[in-house]
Amino acid sequence: MDNHLHESVYLQKRQNIVPYFVYIIIGTALLVIIFFISLMVGQYNMTLLQAIKTLFGNAESLTHTIIIFELRLPRTMVACLVGIALSISGLIYQIAFQNELVSPDILGVSSGASVGVAAGLLFGLPLLLISGLGFVFGACAMLLTLCIARVFKNKSPIMLVIAGILVSGLMGSIVSLIKAWADTDTVLPAIVYWLLGSFASIKMIHFWILLPIVVSCIVFLFIISRKFLNNMVLGLENAKTRGINYKLWRAVVLFVGTILTASAVSVAGTIGWVGLVIPYMTRLLVGHQTQKCIPMATIFGGAFMMFVDIFARTLTNSEIPVGAIAGIVGIAIFILILSVQRGQNYVFD
């Protein structure tokens, strides 16, 4: 009985300062506000009323219709889905490894997916095959990271991070080789621009490809969150006492995370820090209960990426790579979080 009480307290830690529904309301309002700002601003600014009227088929001009439906709406919705995918994948990687320092880019998954996508671009493959290659190479990179960490027989969280850095470096070298083989006039610029992270070339087809993948993965994770993910947070021994096949479910969760990461990378390129900062911030706000973390990470991940995209296309006359802006904003937020948490043990204590 005391053990169950301890687990309940651990899972609910840090969520009682503000009620959960308040975070949901604030997050949802923030998501909606950023969504409409994204539709309004750019090289051609529009008012909120003009954007809303255009969305509902009462555009004041053909220009407004083209700007909203051909340019801003597809990239805004895809940016939201990419932010959600990276945030949720980061969250479940952290749960699976019981380490809040891991993320898709730190584990080498993003770098591995980059190799697959770069290879797909090199050979001129269609989008679906490129996404498939991204998943395969992302999964291989994650397995390689785990193998390296296991070879050293060191269970320290830092060992996993070091292994991820090694694998990321290896995958980066392979991408460099692919770039060296690519045609300098056509393929190479596409690979380089894609690696920087961008939503500039996004079309509505990308949204319809990403939507079922992201939604189905989130629904699945939410369904298993209370029974399986919460027990994974508490570790192997706890799962065994509950009769849960820990290794099987961890493999399933890692598979889902790799699907989400590879899907996001194949569409938007490599965008770092989202999968680290958003899950960390989510737990800080609502505790470790995954049935609460998943909706929060979904809301804040989508809002974060749309916010970053707005800056990427409005700060200067020419578009700035999304990956660069995400890195700057993500690092700033993470430093702020660490400053607030200074002196407190909050990494899966």
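Please read all numbers here as calculations on a predicted model, not as lab measurements.

Parameters at a glance
Residues numbered from 1 in each chain as written. Predicted model: local features only at pLDDT ≥ 70, side-chain atom pairs only at ≥ 80, totals over all residues. Heavy atoms only, no water. Helix = DSSP H or I, 4+ residues; strand = E, 2+ residues; numbered from the N terminus. Rg over C-alpha atoms; globule rule 2.2 N^0.38 Å. Buried < 20%, exposed > 50% of the residue type's maximum accessible area, 1.4 Å probe, protein only. Areas by Shrake-Rupley, 256 points an atom, 1.4 Å probe, with all protein chains shown as cover. Lys, Arg positive; Asp, Glu negative; His and termini not counted. Charge placed at Lys NZ, Arg CZ, Asp CG, Glu CD. pLDDT = per-residue confidence, 0-100. Contact = heavy atoms within 4.5 Å. Axes fitted to C-alpha atoms, helices over the stretch in contact; angles between N-to-C directions. Parallel < 35°, antiparallel > 145°, perpendicular 65-115°, else oblique. Nonpolar A, V, L, I, M, F, W, Y, C, P; charged D, E, K, R; others polar. Phe/Tyr/Trp six-rings, centres within 6.5 Å; stacked < 30°, edge-to-face > 60°.

### Let's talk about the overall build of the chain
Part 1: Broken down by element type, the chain carries 14 helices and 0 strands.
Part 2: Each helix and strand of the chain, placed in order from N terminus to C terminus, yields the pattern α-α-α-α-α-α-α-α-α-α-α-α-α-α.
Part 3: Over its C-alpha trace the chain gives a radius of gyration of 20 Å, about what one expects of a compact globule, namely 20 Å for 349 residues.
Part 4: Expressed as a percentage of its 349 residues, the buried residues of the chain come to 52%.
Part 5: A total of about 16000 Å² of accessible surface is found on the chain, and carbon and sulfur atoms cover 71% of it.
Part 6: Of the side-chain charges in the chain, 20 are positive and 12 negative, and the distance between the mean point of each set is 9 Å.

### Concerning unusual backbone geometry
Part 1: Unlike most non-glycine residues, Q98 shows phi in positive territory, near 50°.
Part 2: Here Q98 shows up in the loop between α4 (62-97) and α5 (109-122).
Part 3: Positive phi is not limited to glycine here, since W273 has a value of about 75°.
Part 4: Mapped onto the fold, W273 is located in the loop between α11 (246-268) and α12 (274-286).

### A short note on the confidence of the model for the chain
Part 1: Per-residue confidence for the chain gives a mean pLDDT of 86; residues scoring 70 or more make up 92%.
Part 2: Ranking the elements of the chain by mean pLDDT puts helix α1 (residues 2-12) last, at 48, and helix α2 (residues 20-40) first, at 95.
Part 3: Counted against residues more than four places away or in other chains, residues 1-10, with its pLDDT under 50, gives 9 contacts.
Part 4: When the criterion is pLDDT under 50, residues 345-349 qualifies, and its contacts beyond four places in sequence or with other chains add up to 21 contacts.

### A closer look at the environment of I218
Part 1: You can see I218 is positioned in helix α9 (residues 204-233).
Part 2: Taking relative accessible area as the criterion, I218 reaches 15% and is therefore assigned buried.
Part 3: Note: C-alpha distance between I218 and A180 (38 residues apart in sequence) is 38 Å.
Part 4: I218 has contacts with I84, I88, I294 and T298, leaving out every residue within four places of it along the chain.

### Quick notes on the packing of helix α3 (residues 48-55) against α4
Part 1: Close contact between α3 and α4 brings their axes to 9 Å; oriented N to C, the two are set at 80°. Here α3 lies roughly perpendicular to α4, going by the angle between them. Together, Q50, T54 and L55 of α3 and H64, T65, I68, F69 and L73 of α4 make up the contact between the two elements.
Part 2: Residue composition of the contact of α3 with α4, by class: 4 nonpolar, 4 polar and no charged.

### Some points on the packing of aromatic side chains
Part 1: What the rule picks out here adds up to 7 aromatic pairs.
Part 2: Ring geometry for F35 versus F36: centroids 5.4 Å apart, planes at 85°, classification edge-to-face.
Part 3: Measuring from centroid to centroid gives 5.0 Å for F207 and W208, while their planes differ by 70°, and the two rings are edge-to-face.
Part 4: A relative accessible area of 10% places F207 in the buried class.
Part 5: Given a relative accessible area of 52%, W208 falls into the exposed group.

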